[in-house]
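# Survey of secondary and tertiary structure
Given next are the chains, with one letter for each unit.
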Amino acid sequence: MVQDILQGIADNLLSQVPILIGLIALLGLLLQRKPVEDVIGGTLRAAIGVVIMTIGIDVFVGGLASFQAIVSSAVGVDAPAATTTLDDFLAGPGAAAPLIIAGGFALHLVMVRVFRSAQYVYLTGHLMLWMSIVVAACLVEAFGDVDRWTLVGAGSVIVACYFTLQPLWIAPLMRRVMGHDQFGLAHTTSTLALATGYGARALKLGDPVKHDTEKLKMPRGIAFLKDMNVATALIVGVIMLVALAFADPETVAAVAGEDLAPFAWGVMQALRFAGGIAILLFGVRMFLAEIVPSFKGISDKLLPGSKPALDIPVIFPKATTAVMVGFLASTATFLVLLGVFAAAGWFVLVPPMIMLFFGGGAGGVFGNAVAGWRGAVFGGVLNGVILAFGQWVFWGVFSGTAPELATLADPDWYAVSAVLVALGSVLEPIGAAAIWVVAGAVLAVSVGTLVALGRRSARAERRAAAERPAADDLVAP
């Protein structure tokens, strides 16, 4: 009974982002005692904005999937063989993932309520699901055949800590990108963003104002590339047409169908890709306009001082050119490494176009905020490197559960997996209790971090309060 309830909540609420965001907006508006017309309108606009964003994602993700198939054929690679699959894992131990989501999100809300420093509520539902699957796979790889409820309990603790800490460690860079802290970032590219931001600064790659991608001056003949929609359609179209020229005709026929000539199909895919991004950005603006003010009710009444942490597309409108720069740099880097890996006989890489776009775009935006266009290129290159080497290393790590997780991954998946598998290896001699030692250690570190952050914040507030009277004396008549 309890299991059915938790699975229903995970499947019908937490994993359905438009419903989740709509209910969050509804609750926030009700807590602010807004008029009924504002409550209904704000709730529906928030949910519809997410739906529009999702439609945009679906449009160009479909194009990316076709793009991936054509590029893979053009460079002559096939996915590496595996003895087990993600579907097999989800039919077995991975079936615990929805329960891990429900338990983890509940504990996450408790941590946000208890610890003042835990400022952000993680609201990217589909990544809650994927991170729960990744954590479940890591625990099974590290500890073998784990009891179902042990897997749910330990997994819930670990993902709750991730949901709580991830928006915090990216918050300083997020404020630099957005220029405010009205909402945080809840996305599994956060470790890439950290490495990009602090790496670009340490390397002194450029000036974020002087070299800002959005202020780049182009020759008059190619000034149209400043329009992201035009640039996206043109660049993706050229890449697609070149790939089609070298791809296997049977693959092209299977992907493109027989209704259009390959070149016409390729052009249409590029146009759909650009249109999908335009729809996505419109949806982002629409739902942000509702969720941020409506969340104030929750922040004031239920979770004092909290803010929503949202999906990666919320940063794309801040630097649309940087998104494209990062994506292209990421894709180019990955394809070069694909050739290097093939020549060296290391591993058969599979171009993960969705991760190259979102990760490359994130790296581009965060890199641009720190070092301008050079930082954007650096972020894209770094994403390509992480995804290539991540596939190689983690295909083996997940070989007994779901090796496809290595090719579907964002950088945070690799980081979390590395920590969990390493801890499991060290604690293996302990036996069955090791999984709880790992979960307890993750929780202890998370609580310690939140306590330390809370104390630092309190000291800063006391210093500010002490300095305020002195400042008032200076301006007193």
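Use the structure listed above.
For clarity, every value in this text was computed on a predicted model and none was experimentally measured.

The rules we used
Residues numbered from 1 in each chain as written. Predicted model: local features only at pLDDT ≥ 70, side-chain atom pairs only at ≥ 80, totals over all residues. Heavy atoms only, no water. Helix = DSSP H or I, 4+ residues; strand = E, 2+ residues; numbered from the N terminus. Rg over C-alpha atoms; globule rule 2.2 N^0.38 Å. Buried < 20%, exposed > 50% of the residue type's maximum accessible area, 1.4 Å probe, protein only. Contact = heavy atoms within 4.5 Å. Areas by Shrake-Rupley, 256 points an atom, 1.4 Å probe, with all protein chains shown as cover. Lys, Arg positive; Asp, Glu negative; His and termini not counted. Charge placed at Lys NZ, Arg CZ, Asp CG, Glu CD. Phe/Tyr/Trp six-rings, centres within 6.5 Å; stacked < 30°, edge-to-face > 60°. Expected span 1.5 Å × (residues − 1). Pairing = 2+ DSSP bridges. Axes fitted to C-alpha atoms, helices over the stretch in contact; angles between N-to-C directions. Salt bridge = Lys/Arg side-chain N within 4 Å of Asp/Glu carboxyl O. Core = buried A, V, L, I, M, F, W, Y, C linked by side-chain atoms within 4.5 Å.

### Some remarks on the overall build of the chain
The secondary structure content of the chain amounts to 16 helices and 3 strands. The C-alpha radius of gyration of the chain comes to 23 Å, within 12% of the 23 Å expected for a compact globule of 477 residues. In terms of its C-alpha atoms, the chain occupies a principal-axis envelope of roughly 75 × 65 × 50 Å. Expressed as a percentage of its 477 residues, the buried residues of the chain come to 50%. Restricting to contacts in the chain with at least 6 residues of sequence separation, those with at least 24 account for 82%. If you sum the accessible surface of the chain, you get close to 20,700 Å²; carbon and sulfur atoms cover 65% of it. Across the chain, the 28 positively charged side chains and the 31 negatively charged ones have centroids separated by 18 Å.

### Section: the packing of aromatic side chains
Throughout the structure, instances matching the rule amount to 19 aromatic pairs. An angle of 65° between the planes, with centres 6.4 Å apart, marks the rings of Y162 and F163 as edge-to-face. In terms of burial, Y162 and F163 fall into one category: buried. One aromatic cluster in this structure is built from F273, F316, F327, F357 and F358.

### A short note on helix α15 (residues 411-427)
Over its 17 residues, α15 extends 25 Å from the first C-alpha to the last, a length consistent with the 24 Å expected when each residue adds 1.5 Å. Those residues of α15 that sit buried are P411, D412, W413, Y414, V416, S417, L420, G424 and L427.

### What about the environment of R272?
Structurally, the position occupied by R272 is in helix α12 (residues 262-301). Residues R272 and V134 lie 138 residues apart in sequence; the distance between their C-alpha atoms is 31 Å.

### Some words on the sheet that holds strand β1 (residues 120-122)
Reading across the sheet, the 3 strands line up as β1-β3-β2 and stay open at both edges, with parallel pairing between neighbours. Across the chains shown, the open sheet's two edge strands, defined by having one partner strand only, are β1 and β2 (184-185). As paired strands, β2 and strand β3 (residues 307-310) are joined by 2 bridges and run parallel to one another. Bridge assignment links G184 to a residue of β3, and that residue is A309. Here helix α7 (residues 148-169) sits on the sheet and contacts β1, β2 and β3; the angle it forms with β1, its principal contact strand, is near 125°. Against the sheet, α12 engages β1 and β3, with an angle of about 150° to β3.

### Considerations on the pairing of β3
Where β1 and β3 come together, 3 bridges link them in parallel fashion. What sits directly across from V121, in β3, is P308.

### Remarks on unusual backbone geometry
Outside of glycine, negative phi angles account for most residues, and trans bonds account for most peptide bonds. One non-glycine residue with positive phi stands out, namely R33, at about 55°. Within the element layout of this structure, R33 appears in the loop between α2 (17-31) and α3 (36-74).

### A word on helix α10 (residues 228-246)
Taking 1.5 Å of rise per residue, the 19 residues of α10 would be expected to cover 27 Å, and the 27 Å separating its terminal C-alpha atoms lies within 8% of that figure. Of all the residues in α10, the buried ones are M228, A231, T232, A233, V236, G237, M240, A243 and L244.

### Quick notes on the pattern of salt bridges
Pairs may arise between side chains of opposite charge once their charged atoms sit close together. All chains considered together, the criterion is met by 3 salt bridges. Note that E290 is salt-bridged to R45, the shortest N-O span being 2.8 Å. Linking E290 in helix α12 with R45 in helix α3, this pair joins segments that are 245 residues apart in sequence. Across the salt bridge formed by D181 and K307, the nearest N and O atoms sit 3.1 Å from each other. Highlighted residues: D181 in the loop between α8 (171-178) and β2 and K307 in strand β3, separated in sequence by 126 residues.

### Regarding the environment of A274
With respect to the element layout, A274 can be found in helix α12. C-alpha separation for the pair A274 and L423, spaced 149 residues apart in sequence, amounts to 43 Å. Once you skip the residues sitting within four places of it in the chain, A274 turns out to touch N229, T232 and A233.

### Some points on the side chain of S190
Examined against the element boundaries, S190 turns out to sit in helix α9 (residues 190-203). We classify S190 as buried; its relative accessible area is 0%. In this structure S190 touches Y162, Q166, W169, I170 and D412, once residues within four positions along its chain are discounted.

### Thoughts on the nonpolar core
By size, the foremost hydrophobic cluster in this structure holds 136 residues, and its most contacted members are I315 and F316. With 16 residues, helix α14 (residues 353-397) is the largest single contributor of residues to this core.

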